[in-house]
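# Chain and residue survey
Read off the chains here:
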Amino acid sequence: MMDDIVVSDRLTKRYGDRLAVDAVSLRVGRGEVYGFLGPNGAGKTTTLRMLLGLVRPTSGTAAVLGQPPGSPAGLYRTGALIESPGFYPYLSGRANLRVLARYGGHEEVAVAAALELVDLSGRADDRYRTYSLGMKQRLGVAAALLGRPELLILDEPTNGLDPAGMADMRELLRALAGAGQTILLSSHQLGEVEQVCDRVGVISAGRLLTEGTVAEIRGESSTLLRADPLPTAQAVAAGLVGAAAVSIVDGALRLAGGGDRTAELVRALVLAGVAVHEVRPVERTLQDAFFEMTAPTGPAERAEVPA
Amino acid sequence: MIGSVRAELLRLRRWPALWVLCGSWVVLNLVFGYLFDYLSYRSSDGVGPGNDGVPPQVLLDGLLPDRVPVTMVQGLPIFGGALLLILGALAFGSGYGWGTWKTVFTAGPRRGTAVGGTLAALGVVVACLTAVTFALDLAASLAIAAAESAPLTLPGPLQVVQGLGSGLLIGCMWTGAGMLLGTVTRGPALSVGLGLVWALVVENLLRGLADALGSLHVLTDVLPGTAAGSLVGALGAIPADDPGGTPGVSTILGGPAAMALLVAYLAAFLIAGLALTTRRDLTS
């Protein structure tokens, strides 16, 4: 069984009448890159703040690296970037990291390594207030990486980055993940999560709708087939892959599952006198699954919180 | 805790606002403590009272080295205190605006340790400022004494300790007040504004009202400014109501009572600020 280093049990935060986070139970295993997906205002940041001890839960419990949220024993082994980075504007990037290294009890040589890792060494001695949004974000990640933490909690780390910066950040995250770094990554960038994460939790309106691998969340791909006559084609396909796997969508056949039997199906259709006009795989994306789950009239309103 | 103090000292010593505030205090202290009184002394005929009714010899006596422990703190109840209140409010309030408290609180130390580090570093700043003020005032007084062929008698060790201790206590109390305001308001602007209105306006208005409504003295006699002014008055500074007196200086409370009240205020400000910081959600 995987060693869970982030565990929350029915974590809940209420602000007055508003329920910001509703009984969220999630687990992040050691060495895993866990994507925390959700639209803006879904409760991602509040959940991460609770895991870091910045916000006290109204109810529920959590443990990070086996410690209660906000305890120094856990925080010293955790690197975090929550929402926008917060630094002293009059200090350089390097001086800001030196201050944080002293707070965190890290060797100051870690500062240069962290700056190098996020490709900020060239501007490290410039004042923070002169940095672009992307540079500020990279400095935030460098601060999180100080002291080589066991767990990285990153809240929207590609915010404000240009496409090249986003690609660099993903590359960095992949490199860290490849080195066994555990990462809890909150994002509403579906492509980012799809490319980087091993497992995903989807949150909407404060509730964790589902948790699973990217493939599990994405669901099965299908095969689209345009043929004539359609009823004959449907009967032939149903005989081959089963009626439950065949449906008609927008005047075409939709076959659930991958395309393992496509050649066999086309051959059967041709032998049955069916004219086959188009056969193509339809890949389901994380975005498809995400929109289905978080749509106002979709399962978001019906979903049960996972136990 | 040591790490937090070192971290705060690193960032404070590179903070322009700190140098502006400390520099302002040093300049104002020299200008109001020495320059204006010395110009007043030099412009008098040396026999009759000056413009403010103070005999020239009294003016000169106040500028000599043995009076440094008093002169160095007589500006603290009003503008020195206000400047240090601003320092405390900015040091704590700005952290919410910049988001640095959030960063620090996720860097490892307990909130209480991090805040304690900032308080200790600010205490070091106030102590250094008090020592620098003493040194500069001593240099100014020695120069005046030499120029006027006056006695170069240095203050006794007890007087020096009393002056430095009073300066440190009053300075820390006002810095603590700023810290609490910065924490309560979670921002620099409102905390500075409220603090200045309180220290420079509200306390004085209340004292004015108390002169008309005697029952208000129960309140005004224990205000932070009253305690600071009384401690300076107990050291021998001329009260504001007397000819040539210093604004903010009073003799309402005795020295020990004033000191006890200042310690109580300082403790209350620090405990309230710490409790608020450690218990409150950090959502910005």
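Residues numbered from 1 in each chain as written. Chains lettered and ligands numbered in written order. Predicted model: local features only at pLDDT ≥ 70, side-chain atom pairs only at ≥ 80, totals over all residues.

### What to know about the overall build of chain B
What counts here: Secondary structure follows DSSP: runs of H or I at least 4 residues long count as helices, runs of E at least 2 residues long count as strands, and numbering of each begins at the N terminus. In this treatment the radius of gyration is a C-alpha quantity, and the globule benchmark scales as 2.2 Å times the residue count to the 0.38 power. The burial label depends on the number of other C-beta atoms within 10 Å of a residue's C-beta. Counts of 20 or more mean buried, 12 or fewer mean exposed, and intermediate counts mean partly exposed, with C-beta atoms placed from the backbone. By the criterion used throughout, residues are in contact when their C-beta atoms, derived from the backbone, lie within 7 Å.
Each helix and strand in chain B was counted, giving 12 helices and zero strands. Taking 284 residues into account, the globule formula puts the C-alpha radius of gyration at 19 Å, and chain B, at 20 Å, falls close to it. C-alpha extents for chain B along the principal axes are approximately 65 × 45 × 30 Å. Among the 284 residues that make up chain B, the fraction classed as buried is 47%. Within chain B, counting contacts between residues at least 6 apart in sequence, those at least 24 apart form 78% of the total.

### Here we look at unusual backbone geometry
All names here are of chain A. The omega torsion of the bond from Asp-228 to Pro-229 falls at 0 degrees, within 30 degrees of zero and hence cis. When you line up the elements, Pro-229 lands in the loop between β11 (222-228) and α9 (230-241). With phi around 50 degrees, Glu-83 is a residue other than glycine that occupies positive phi space. Looking at the element boundaries, Glu-83 is found in the loop between β6 (78-81) and α3 (93-104).

### Quick word on the sheet that holds strand β9 (residues 199-204) of chain A
Residues and elements named next belong to chain A. Counted only if it meets this: When DSSP finds two or more bridges between two strands, those strands count as paired. Angular values range over 0 to 180 degrees, each being the angle between N-to-C directions of two axes fitted as lines to C-alpha atoms, with helices fitted over their stretch in contact.
Spatially, the six strands line up as an open sheet ordered β6-β7-β8-β4-β9-β10, and their pairing is mixed. Among the strands making up the open sheet, the edge pair consists of β6 and β10 (207-213). Averaged over all neighbouring strand pairs, the angle between strand axes comes to 15 degrees, with direction disregarded. Lying over the sheet, helix α1 (residues 44-52) contacts β4 (33-37), β6, β7 (151-155), β8 (182-187) and β9, oriented at roughly 150 degrees with respect to β7.

### Things to note about the confidence of the model for chain A
Heads up, the rule is: Values of pLDDT, which run from 0 to 100, indicate the predictor's confidence residue by residue.
Mean pLDDT over chain A stands at 87; residues scoring 70 or higher make up 95%. Between residues 298-307 of chain A, whose pLDDT stays under 50, and residues either more than four places distant or in other chains, the model counts 20 contacts.

### Comments concerning helix α5 (residues 76-98) of chain B
Residue and element names in this part refer to chain B. Rule in force here: A residue's bend is the angle separating two fitted axes: one through the seven residues that end there, the other through the seven that start there.
When the local axis directions of α5 are compared, the greatest deviation, roughly 30 degrees, occurs at Ala-82. α5 sits mainly inside the fold: 20 of its 23 residues count as buried. At the exit of α5 stands Gly-99, carrying a positive phi of roughly 80 degrees.

### What to know about the sheet that holds strand β12 (residues 246-249) of chain A
Residues and elements named next belong to chain A. Spatially, the four strands line up as an open sheet ordered β12-β13-β11-β14, and their pairing is antiparallel. Whereas interior strands pair on both sides, the edge strands pair on one side only; in this sheet they are β12 and β14 (275-282). Taken pair by pair, the neighbouring strands of this sheet meet at an average axis angle of 25 degrees, ignoring direction. When β11 meets β14, the two strands line up antiparallel, connected through seven bridges. Among the inter-strand pairings, Asp-228 is bridged to a residue of β14, identified as Ala-275. Contacting β11, β12 and β13 (252-256), α9 runs over the sheet at an angle of about 150 degrees to β12.

### What to know about the environment of Arg280(A)
Residue and element names in this part refer to chain A. Among the structural elements, Arg-280 can be located in strand β14. Exposure remark for Arg-280: the 12 C-beta atoms within 10 Å place this residue in the exposed category. Linking Arg-280 and Leu-224, residues 56 residues apart in sequence, is a C-alpha distance of 5.4 Å.

### A closer look at the packing of α9(A) against helix α10 (residues 262-271) of chain A
All names here are of chain A. Keep this limit in mind: An angle below 35 degrees is read as roughly parallel, one above 145 as roughly antiparallel, one from 65 to 115 as roughly perpendicular, and any other as oblique. By definition, turning the near helix anticlockwise from the far helix through less than a right angle yields a left-handed crossing, and turning it clockwise yields a right-handed one. Following the grouping adopted for this structure description, the nonpolar residues are Ala, Val, Leu, Ile, Met, Phe, Trp, Tyr, Cys and Pro, the charged ones are Asp, Glu, Lys and Arg, and the polar ones are all others, Gly among them.
One can describe the packing of α9 onto α10 by two numbers: an axis separation of 10 Å at closest approach and a directional angle of 135 degrees. The orientation of α9 with respect to α10, classified from their angle, is oblique. Considering only the axes of α9 and α10, their crossing is right-handed. For the pair α9 and α10, contact is made by Ala-233, Val-236, Ala-237 and Leu-240 and by Glu-264, Leu-265, Ala-268 and Leu-269, respectively. Among the residues making up the contact of α9 with α10, the classes are represented as seven nonpolar, no polar and one charged.

### Overview of the environment of Thr71(B)
All names here are of chain B. Residue position: Thr-71 is located in helix α4 (residues 68-71). In this structure Thr-71 comes out as buried when scored by C-beta crowding, with 29 C-beta atoms within 10 Å. With 161 residues separating them along the chain, Thr-71 and Val-232 place their C-alpha atoms 9.2 Å apart.

### Notes on the interface of chain A and chain B
With 25 residues of chain A at the contact, the number on the chain B side is 25 residues. Of all the elements, α3(A) adds the most residues to the side of chain A that touches chain B, at seven residues.

### Details of the nonpolar core
Put simply, the test is: By definition, a nonpolar core groups buried Ala, Val, Leu, Ile, Met, Phe, Trp, Tyr and Cys residues that connect through C-beta atoms lying within 7 Å of each other.
Ranked by size, the top nonpolar core spans 132 residues in total, and within it Ala142(A), Leu185(A), Leu231(B) and Leu262(B) carry the most contacts. With 13 residues, the single largest contributor to this core is α5(B). Non-local contacts of Ala142(A), meaning those with residues more than four positions away in its chain, are made with Leu97(A), Ala114(A), Leu115(A), Leu117(A), Val118(A) and Leu120(A). Core analysis: the second largest hydrophobic core is formed by 11 residues, Leu225(A), Ala237(A), Leu253(A) and Leu269(A) among them.

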